Amino acid sequence: MKSSVTYELLHTDKTTGARRGVVHTPHGDIQTPVFMPVGTQATVKSMTVEELKENGAQIILSNTYHLYLRPGSKLVRKAGGLHNFMRWDRPILTDCGGFQVFSLSDLRTITEDGVEFKSHLDGSKHFFSPEKVMEIEEDLGADIIMSFDECCPYPSSYEYTKDSMERTTRWAKRCKDAHTTENQALFGIIQGGFYEDLREQSAKDLIELDFPGYAIGGISVGEPKEEFLKMLKFTAPLMPENKPRYLMGVGSPDYLIEAAMAGIDMCDCVLPTRIARNGTAMTSHGKVVVRNATYAEDFSPLDPECDCYTCKNYTRAYLRHLVKCNEILGDRLLSIHNIKFLTNLMERVRMEIENDNLSNFAQDFYKKYGYTKEEE
RNA sequence: GUGGAUUUAGCGUAGCUGGUUAACGCGCCAGUUUGUGGCACUGGAGACCAUGGGUUCGAGUCCCAUAUUCCACC
């Protein structure tokens, strides 16, 4: 069957091998490399869909586990699917709940058949099998759906990681067999922790299953940056060139640039919106903890080089005031800025790839982003 | 004026029958945040316990005096 999601390679950066491309989906094209904001509960926290669009979001993520528990995936189906329900007419990708296997580790048990969760909301028991996850993701109706995997914690032993990876591959096969919808593309997730031979095996086995796209899972889970880069650079080249390559869970500016340089097309992360809600902004001169006293009387914009609504209209002093008072508007304005900052960054990355200049740009960016950081 | 109560970090409070570095919340300062359970988490600064005197090996804790604020009554 022909996939509803396809990848078109437009240009390869001669300095790094980064890919400038387009991902075609039923809800429109995605220019890549792309950063995808996360909207776990069918909302990118505090932002309207209009704001997301204005700030350059091309595709957003949502979450199987959370929507299944509340409001229920059948309800979302009745609402006409996630797109209708939340009024977002651009592409959506749903994560499978694999990350929750990792993050809710004290509330679940893993068996060959699947994972038993205790709901973090009311303690009720739920069972996720690959087949169940496919049913939920089909009810939600995202353009790209992820196969059910286990995201191993860092560090994990070789034996544990191997067993887990092999099970994830078996689950991927089951997902593929259970997947019925033609307008949704099912991506496989490469696991294998921080062991090269396991990564290689995982990639090889999943590629044999012939998914329309592949993700790297299980990195950016708390390991040192060198470990992350090593595994990223090892795994990305194992992925098919004619399909989208998605690195899960990456969202700091430097990691995004590294991902692009490694040939990754898509990344998602809660980082920009989460740190926004905790009072931190990403700027062209590094991270700014808006809450800090040093900005109390700083009447300049958050990032003078940014063209977002927040930077065009508000001062650091005012944003600090909002954050310190825990005012909702502070969360919103910082979220708007951080999302725009990352979509701007990725737009720039795409341009630099087209100009075969990504390597230089990366160096310049690091100098600037790192310089202010050290200055503090 | 009389009787009662009060006085512990910037604010609000806890400190049991006296015993090593006086606790907590808010506020303040800083750090963390990476396929979002948690507008969260982790640290830090800041008090000679109203003042003076006394009892005791040892007092925020007991006694006396003074001051403070509050309440009631004349």
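For the structure given in this document, a descriptive report is provided here. (Residues numbered from 1 in each chain as written. Chains lettered and ligands numbered in written order. Predicted model: local features only at pLDDT ≥ 70, side-chain atom pairs only at ≥ 80, totals over all residues. Heavy atoms only, no water.)

Along chain A, the regular secondary structure elements total 15 helices and 16 strands. Computed over the C-alpha atoms, the radius of gyration of chain A is 20 Å, within 12% of the 21 Å expected from 2.2 N^0.38 for a compact globule of 376 residues. In terms of its C-alpha atoms, chain A occupies a principal-axis envelope of roughly 60 × 50 × 40 Å. In chain A, buried positions account for 57% of the 376 residues. Considering only contacts within chain A whose residues lie at least 6 apart along the sequence, 67% involve residues at least 24 apart. (Helix = DSSP H or I, 4+ residues; strand = E, 2+ residues; numbered from the N terminus. Rg over C-alpha atoms; globule rule 2.2 N^0.38 Å. Buried < 20%, exposed > 50% of the residue type's maximum accessible area, 1.4 Å probe, protein only. Contact = heavy atoms within 4.5 Å.)

The next thing to look at is the sheet that holds strand E7 (residues 108–110). The antiparallel open sheet is built from 3 strands, whose spatial order is E7-E8-E9. Here the strands that pair on one side only, and so sit at the sheet edges, are E7 and strand E9 (125–128). Across the sheet, the mean angle separating the axes of adjacent strands is 15° when strand polarity is ignored. The pairing of E7 with strand E8 (residues 115–118) spans 3 bridges and is antiparallel. Residue pairing in the sheet places Ile110 in a bridge with Val115 of E8. (Pairing = 2+ DSSP bridges. Axes fitted to C-alpha atoms, helices over the stretch in contact; angles between N-to-C directions.)

Our next topic: the protein's contact with RNA strand B. Around RNA strand B sit 43 residues, and of these Cys151, Gly249, Val270, Lys324 and Asn326 come closest. The sugar and phosphate moieties of RNA strand B supply 56% of its atoms located within 4 Å of the protein. In the environment of RNA strand B, a phosphate oxygen lies 3.4 Å from a nitrogen or oxygen atom belonging to the side chain of Asn63. At the level of secondary structure, the elements contributing two or more residues to the surface near RNA strand B comprise strand E5 (60–63), helix H5 (98–103), strand E14 (266–269), helix H11 (271–277), strand E16 (286–289) and helix H13 (316–324). Among the elements that line the surface near RNA strand B, the one with the most residues is H11, at 5 residues. For the surface near RNA strand B, a count of residues per class yields 15 nonpolar, 17 polar and 11 charged. (Near = heavy atom within 4 Å. Polar contact = N/O pair within 3.5 Å; in protein donor to acceptor, adjacent residues only side chain to side chain. Nonpolar A, V, L, I, M, F, W, Y, C, P; charged D, E, K, R; others polar.)

This part is about the nonpolar core. If you look at the biggest cluster of nonpolar residues, it comprises 99 residues, and the most contacted ones within it are Met146 and Leu247. By size, the runner-up hydrophobic cluster in this structure holds 14 residues, among which are Val288, Val290, Val323 and Leu334. (Core = buried A, V, L, I, M, F, W, Y, C linked by side-chain atoms within 4.5 Å.)

Moving on, we come to the pattern of salt bridges. A complete count under the given rule lists 22 salt bridges for this structure. The salt bridge involving Arg87 is made with Glu50; its shortest N-O contact spans 2.4 Å. With Arg87 in the loop between helix H4 (81–86) and strand E6 (92–95) and Glu50 in helix H1 (residues 49–54), the pair connects residues that are 37 residues apart, well separated along the chain. On the basis of relative accessible area, Glu50 is assigned to the partly exposed category, the value being 37%. The salt bridge involving Lys53 is made with Asp89; its shortest N-O contact spans 2.9 Å. Placement of the pair is Lys53 in helix H1 and Asp89 in the loop between H4 and E6, with a sequence separation of 36 residues. Among the residues examined, Lys53 registers a relative accessible area of 27% and is labelled partly exposed. Among the ionic contacts, a cluster of salt bridges with common partners joins Lys74, Arg77, Glu135 and Asp139. (Salt bridge = Lys/Arg side-chain N within 4 Å of Asp/Glu carboxyl O.)

Taking strand neighbours across the sheet as the criterion, the 8 strands line up as E4-E14-E13-E12-E11-E10-E6-E5 in an open arrangement whose pairing is parallel. The open sheet is flanked by strand E4 (34–37) and E5, the only strands paired with a single partner. Each strand of the sheet is rotated relative to its neighbour by a mean of 30°, with strand direction disregarded. By the bridge criterion, 4 bridges tie E4 to E14 in an arrangement that is parallel. Across the sheet, residue Pro37 finds its bridge partner in E14, namely Cys269.

Taken as a whole, the largest pocket spans an internal volume of roughly 980 Å³. Breaking the lining of the largest pocket down by element, the ones donating at least two residues are E5, helix H2 (64–69), H5, E14 and H11. Per-element tally for the lining of the largest pocket: the top contributor is H5, with 5 residues. The residue makeup of the lining of the largest pocket, split by class, is 19 nonpolar, 20 polar and 7 charged. By volume, the second largest pocket is sized at about 330 Å³. (1 Å grid on protein atoms, 1.4 Å probe; cavity = no way out; pocket = protein on both sides within 12 Å on 5 of 7 lines; lining within 4 Å. Points joined across faces, edges and corners; volume = space filled by probe spheres on them.)

A few words on the packing of aromatic side chains. Summed over the entire model, instances satisfying the criterion amount to 16 aromatic pairs. Relative to Phe128, the ring of Tyr65 lies with its centre 6.3 Å away and its plane at 70°, an arrangement referred to as edge-to-face. A residue pair is termed long-range when its members are at least 10 positions apart, and Tyr65 in helix H2 and Phe128 in strand E9 qualify at 63 residues. For Phe128, a relative accessible area of 0% gives the class buried. (Phe/Tyr/Trp six-rings, centres within 6.5 Å; stacked < 30°, edge-to-face > 60°.)

Further remarks concern the pairing of strand E3 (residues 28–32). For a regular strand, side-chain orientation follows a simple rule: the groups alternate between the two sheet faces. Relative to E3, strand E2 (residues 19–25) runs antiparallel, the two being bridged by 5 bridges. The residue of E3 that forms the bridge with Val22 is Gln31. The turn joining E2 and E3, which pair antiparallel and follow one another in sequence, is formed by 2 residues.

The side-chain alternation of E8 yields one buried face, formed by Val115 and Phe117, and one unburied face, formed by Glu116 and Lys118. Two successive antiparallel strands, E7 and E8, enclose a turn made up of 4 residues. Where E8 meets E9, 4 bridges bridge the pair, whose relative direction is antiparallel. Directly across from Lys118, in E9, lies its bridge partner Lys125. Hairpin connection, E8 to E9: the antiparallel pair is bridged by 6 residues, and Gly123 has positive phi, about 80°.

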